[in-house]
Structure formats: C-alpha cells, structure tokens
Amino acid sequence: MSRNLPPARRVNWLTWSIAIGLLLVACFLRVYAIDEIPPGLTHDEVSQLDVAAQVHAGDWRLLYPGGFALDGAEPGYYPFLSAAQSIWGANPLARRLPSLFAGLIGLACLYALAARLFNRTVGLLTLGAATVVWWSILMGRVILREVLEAPLYALALYGFWRGFESARQPDPARAPLRPFILAGVALGALQYVHTIPRGLFLVFVLFGLYLWVFHRPLFKRTWRGILALVVVAELLAAPVVISASLNPDLDNEETLFSLRLDGEDGVIQRLQANTPWILGQFAFTGDAGWEFNLPGRPIFQPPLAVFFGLGVLVALLRFRRPVMAYVLIVLLVSLLPSILLKPWFPFGRLVSAQTVAFAFVGLGIQSVRSGLARFVPQRAQVVRAGDPVAVVTYWRVIGPAPDNLMLFSHLYRSPTDIMAQQDQFDVGGSDLQPGDIFAQVHEFIHVPPDTPAGAYWIGTGMYDRESGERLPIYVGEQRAADRIWLTQLQVER
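Residues numbered from 1 in each chain as written. Predicted model: local features only at pLDDT ≥ 70, side-chain atom pairs only at ≥ 80, totals over all residues. Heavy atoms only, no water.

## Re the overall build of the protein
- The helix and strand tally for the protein stands at 15 helices and nine strands.
- The buried share of the protein, taken over its 493 residues, is 51%.
- In the protein, 76% of the contacts between residues at least 6 apart in sequence involve partners at least 24 apart.
- If you sum the accessible surface of the protein, you get close to 22900 Å²; carbon and sulfur atoms cover 65% of it. (Helix = DSSP H or I, 4+ residues; strand = E, 2+ residues; numbered from the N terminus. Buried < 20%, exposed > 50% of the residue type's maximum accessible area, 1.4 Å probe, protein only. Contact = heavy atoms within 4.5 Å. Areas by Shrake-Rupley, 256 points an atom, 1.4 Å probe, with all protein chains shown as cover.)

## Observations concerning the pattern of salt bridges
- Under the counting rule described, the total for this entry stands at seven salt bridges.
- The closest approach of N and O atoms between Asp 59 and Arg 61, which form a salt bridge, is 3.1 Å.
- Residue classification places Arg 61 among the partly exposed positions, given a relative accessible area of 38%.
- Glu 165 serves as the salt-bridge partner of Arg 116, at 2.8 Å between the closest nitrogen and oxygen. (Salt bridge = Lys/Arg side-chain N within 4 Å of Asp/Glu carboxyl O.)

## Examining the packing of aromatic side chains
- In this structure the tally under the stated criterion is 29 aromatic pairs.
- Note on Phe 160 and Phe 164: the rings are 6.5 Å apart at their centroids and 5° apart in plane angle, and the pair reads as stacked. Placement of the pair is Phe 160 and Phe 164 together in helix 7 (residues 149-168), with a separation of four residues, close to one helical turn.
- Look at Phe 164 and you get buried, because its relative accessible area is 0%.
- Taking 5.9 Å as the distance between ring centres and 85° as the angle between the ring planes, the aromatic pair formed by Phe 214 and Phe 319 counts as edge-to-face. Of this pair, Phe 214 sits in helix 9 (residues 202-214) while Phe 319 sits in the loop between helix 12 (302-317) and helix 13 (322-340), and the two are 105 residues apart along the sequence. (Phe/Tyr/Trp six-rings, centres within 6.5 Å; stacked < 30°, edge-to-face > 60°.)

## What about the sheet that holds strand 6 (residues 454-464)?
- Across the sheet, five strands lie side by side as 1-9-6-3-4; this open sheet has mixed pairing. Two strands in the sheet have a free side with no partner beyond their single neighbour: strand 1 (381-384) and strand 4 (417-423). Direction aside, neighbouring strands of the sheet carry axes that sit 35° apart on average.
- Relative to strand 4, strand 3 (residues 405-414) runs antiparallel, the two being bridged by six bridges. By the bridge assignment for strand 4, Ser 409 is matched with Gln 422. (Pairing = 2+ DSSP bridges. Axes fitted to C-alpha atoms, helices over the stretch in contact; angles between N-to-C directions.)

## Examining the nonpolar core
- By size, the foremost hydrophobic cluster in this structure holds 98 residues, and its most contacted members are Trp 135 and Phe 160.
- The dominant element in this core, judged by the number of residues it contributes, is helix 13, at 13 residues.
- When residues no more than four places from it in sequence are discounted, the contact partners of Phe 160 are Pro 179, Phe 180, Ala 183, Phe 204, Phe 207, Ile 226, Leu 229 and Tyr 326. (Core = buried A, V, L, I, M, F, W, Y, C linked by side-chain atoms within 4.5 Å.)

## Observations regarding helix 4 (residues 92-117)
- Between its first and last C-alpha, helix 4 extends 37 Å over 26 residues, near the 38 Å set by a 1.5 Å rise per residue.
- Taken as a whole, helix 4 carries its principal kink of about 35° at Pro 98.
- The N-cap of helix 4, judged by a side-chain oxygen 3.2 Å from the amide nitrogen of Leu 93 a few residues on, is Asn 91. (Expected span 1.5 Å × (residues − 1). Bend = angle between axes of the 7 residues up to and from the residue. Polar contact = N/O pair within 3.5 Å; in protein donor to acceptor, adjacent residues only side chain to side chain.)

## Section: empty space enclosed by the protein
- Under the criterion given, the structure shown has three cavities of 30 Å³ or more.
- Roughly 110 Å³ of volume is contained in the largest cavity.
- Along its surface, the largest cavity is lined by Arg 30, Gly 103, Gly 106, Leu 107, Leu 110, Ser 136, Met 139, Gly 140, Val 147, Ala 150, Val 351 and Gln 354.
- Put simply, the second largest cavity is a space of about 60 Å³.
- Of the residues in the lining of the second largest cavity, the class split is five nonpolar, two polar and two charged. (1 Å grid on protein atoms, 1.4 Å probe; cavity = no way out; pocket = protein on both sides within 12 Å on 5 of 7 lines; lining within 4 Å. Points joined across faces, edges and corners; volume = space filled by probe spheres on them. Nonpolar A, V, L, I, M, F, W, Y, C, P; charged D, E, K, R; others polar.)

## Brief notes about a nonpolar patch on the surface
- A grouping of Trp 13, Trp 16, Ile 20 and Leu 24 is seen on the molecular surface, where their side chains present a nonpolar patch of about 520 Å² in accessible area.
- Its location among the elements puts Leu 24 in helix 1 (residues 13-31). (Patch = residues over 30% accessible without salt bridge, like charges linked within 9 Å, V, L, I, M, F, W, Y side chains within 5 Å.)

## Some points on the environment of Tyr 326
- Within the secondary structure, Tyr 326 sits in helix 13.
- Taking C-alpha positions, Tyr 326 is 9.2 Å from Trp 161, a pair spaced 165 residues apart along the chain.
- Not counting residues within four places of it along the chain, the set of residues in contact with Tyr 326 comprises Leu 117, Leu 157, Phe 160, Trp 161, Val 203, Phe 204 and Phe 207.

## Things to note about the environment of Asn 247
- Within the secondary structure, Asn 247 is located in the loop between helix 10 (216-246) and helix 11 (267-279).
- Classification of Asn 247 as partly exposed rests on a relative accessible area of 28%.
- Once the C-alpha coordinates of Asn 247 and Gly 72 are considered, the two residues, 175 residues apart in sequence, prove to be 8.7 Å apart.
- Only 2.7 Å separates the side chain of Asn 247 from the backbone oxygen of Ser 243, close enough to count as a polar contact.

## A few points about the packing of helix 7 against helix 13
- The geometry of helix 7 relative to helix 13 is characterised by a closest axis approach of 12 Å and an angle of 155° between their N-to-C directions. By the criterion of interaxial angle, the relationship of helix 7 to helix 13 is roughly antiparallel. Read as a crossing pair, helix 7 and helix 13 show a hand that is right-handed. Note on element contacts: helix 13 touches helix 7 through Pro 322, Val 323, Tyr 326, Val 330 and Ser 334, opposite Tyr 153, Leu 157, Phe 160, Trp 161, Phe 164 and Arg 168.
- In terms of residue class, the contact of helix 7 with helix 13 is made up of nine nonpolar, one polar and one charged. (Parallel < 35°, antiparallel > 145°, perpendicular 65-115°, else oblique. Left-handed = near helix turned anticlockwise from the far one by under 90°.)

## Quick look at the packing of helix 4 against helix 7
- Relative orientation of the contacting elements helix 4 and helix 7 amounts to 20°, with a least axis distance of 8 Å. When the interaxial angle is binned, helix 4 and helix 7 end up roughly parallel. Helix-helix and strand crossings are classified by hand; for helix 4 and helix 7 the assignment is left-handed. Across the interface between the two elements, Ala 102, Ile 105, Gly 106, Cys 109, Leu 110, Ala 112, Leu 113, Arg 116 and Leu 117 of helix 4 pack against Pro 151, Ala 154, Leu 155, Leu 157, Tyr 158, Trp 161, Arg 162 and Glu 165 of helix 7.

## Description of the pairing of strand 9 (residues 484-492)
- Pairing of strand 1 with strand 9 involves four bridges; the strand directions are parallel. Residue Val 383 lies in a different strand from strand 9, and its bridge partner there is Val 491.
- With seven bridges joining them, strand 6 and strand 9 adopt antiparallel strand pairing. Residue pairing for strand 9: Tyr 456 is matched across the bridge by Leu 489.

Here it is as structure tokens:
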C-alpha cells in the first residue's frame, strides 16, 4: 500500500486574483460613506464607546457594566476600539475601523473555511456572497463587539476540520492533537468577545455524537481531539466565565440554563414562536430594527435565498457525508441563542452563523452547476499541472461489508507508479446493508506541478484499513484485479 503523502500544490493565481479582488470590493463597500451610514450612533454603539473609554483610562476588567445597553460586557473588543481612537482620533472612521478590519479578516477566514470544507469554487462563491450581502456589509461598519465573532469562530471551525481531515487518512492511528488545540484556543478567545459564544462548543460535541452514530471508526480516531478542543477552550475561557458566575448582578443576561421547559415563556413556547421568525431572517422577514437593517429586509434577496435554501437541502440529503453534517450542525447551533433566548436584534445575534450561511449559497450554486453539467456531452477531463481533481464514485452493496474498509482513488503515471491519491471512506462498513447505494467523493487529489502534459489514468478500489490488503475484484467467480480503471485525465501545461 502506498503512503498518502501531502500533495504538492501550486499557487492558483486566478483564484487568488479573484479572492483579492472580492476583498477589495468588500473594503470599498464597507468604507464608502462610513461617516453617513449608519446615520449617527445607536445606544448600543454609545455603550461600546463608554467601555472603550474605561479601557483607555486604564480600567481593565473581565466584565464591564457598559451602561444601560450592556449587561456584563466581555473585554475582547474594547482594547482595539480604544487603540483605534488613540491612534486616529475620535472620529467616525477611527471608531469603526476595528469593525472594518474584523469584517475583512472574517471574510478571508470564511473563504478559507469554505475552500477547506468543499473546494475553491465554493470558497469563492462564499466570499462573493458575503462581499455584497447587506448583513455582512453593515456588520463591518457598526461599532459592536459581535463583529469579532465571525473571524474567531471561523478559525476554530477551520482548525477542527484540519484535525478531522488528518484522522481520515489511513496511516495515523489517531488524529494529531495540534489542530484541535489551536481550534480550542480560538474558541476560548471567542468567549472573551460576547456571552453567546459560550455555547458554541456544542458544535463539536454534537459532531462527535454524529460520528459515534454514523462513522464509528472515525469517532474512535477523533474523540481525543474533540475532548482536547473543548477542554482547552473552556480552560482558556474559565476566568471570564467564573467572573460572570461570581457577579450575577453584573452578568444578568438570560441563558439557556435559566430557561423553563414549558409554561408561558418556556423552551417549548419559544421554539414554536421564534423558530419561524429566526429562520425567516434568511429569506422572508429580516431584522425589524433600523439600527442593523433596512427594517424587514431579509438577509438574502430572492436569487441568493433560493441558492441558500438549495444548499441547505443538498446538505440535508447528503447528511451521511461528515462535511454536510458539520455545516448543518454549525448552522443549527448558531441559530439556537436567537430561538431560545429573546429574539431581539437577530442580525447582531446571528453573526456566528455567517461562518456557514454564505457557504450554503455557494453549495447551492455549485449543485445547480453540477446538475446542468449532466446535460452537456462529457469529454475527457482536462486540467493543468498543479490543479485539484475531484473523483466521484458510486457503489452498490451486494453482501455483508466489513467495518474497517478504506476506499482509495489514485492518479497514475503508469500502471504501477502513483503520482497523487486520496484515501477516504465516509460510510461505516457495518452500517451498510445489501441493496444500499452510496457515493464517495475524493476532492483533494492534486496533479503534481511538474507533471508533463499528457493522458493519465485514474483508478479506484478498497482495502482493509488494518492490514492494507486490497479487496479483490471478481468477474464471475474468477479474481480479475484489485482496482478499477475509471477514466483518463488530460493534463496540460
């Protein structure tokens, strides 16, 4: 069995050029007339500036009173707000620069996360949607601590997925802990921004439960990483959490733990009343407050709303794929605070959902593109040296399947010389029943940059994860091979 070595990657200048161009457009949309839009300061922004003034005066705390609009404000945002005014003066641009920078960094993180989860095309579509949607533009202008949520949360989600990808490789017995620990650091830092992120660790717990139910071998290889992430995050956040528990008069916002199950204002009643309202933010209702929105304008206008809904539907239909379950869980957990707590100012409270909301738009557009491609005559796939190659295979189960299977896709220079590969199996063998049909996507095969122009074969097959022995292929009752040749790939320089 060949080792799954990290593929050599070549800089894709077209992708980078488009991404940088979109970030420049995003910067213009967030800077233009920043002293006029929003018109003046809201009471929330005045409270943020009050806390920044306390920081500037040397009053450092884990929780700030913050005036009538804040109840126990975490300290993470205010040093940046204070420093911006100290450097550039107390003017509209300086006051909004921390939000501007956080918004732009957040956009770059959203692109990186979507490209890692799916591919660079979905990454660019995600960045494009986030660049022009009013929800994202305005959150890059207002003076609110919530603007730091998107970049930090995206980094936590990205780090976790890097660790999870390592666990899916055939060689390591378990996932390396470093990516999970770094994700835990980002998640812990996030809890110094706002109260709501204290519950975001549920994403990783729920995803671990998903793996335990649907992909038991992967759970066995990643549970230590999930535990390390949660422990690191909560240890890092412990000072602010303990301070909040010791000062209930200061940090007196409602939490999930203080809710009743039923009654006039219980969990069940809020689920019934608030769920349609919060879900409607994406396509129908929109934040009614003028502070954050053109009152009633939804997050996505009709074309993007359709693609967003289609992306969510695609993820639901492909829920057995870990990446689809991951983004759905992130979206669900991001919506819970607004559904179960007071559903005020949803555009502000839903900021953590930006990490995947725009990715669903990209996923929806890609699904339409893939559907239309089925009506176009197929030709030999042509790629350039250094480009990624996606291999999609469909399998039908005709008998009992062992639990420790691994499925490989190889790109060959010759019948015996493997030039690139990916080993990944998203379905647990013990979960498969005769008659089941499943698809496997290998998205991270890269043609080496030094590959000469020419035609190269793609092959696939399965092997035992523990012994490395390939499963034989039979024609009738005769053993014929241990791999299947799929198609040729035309490489151009």
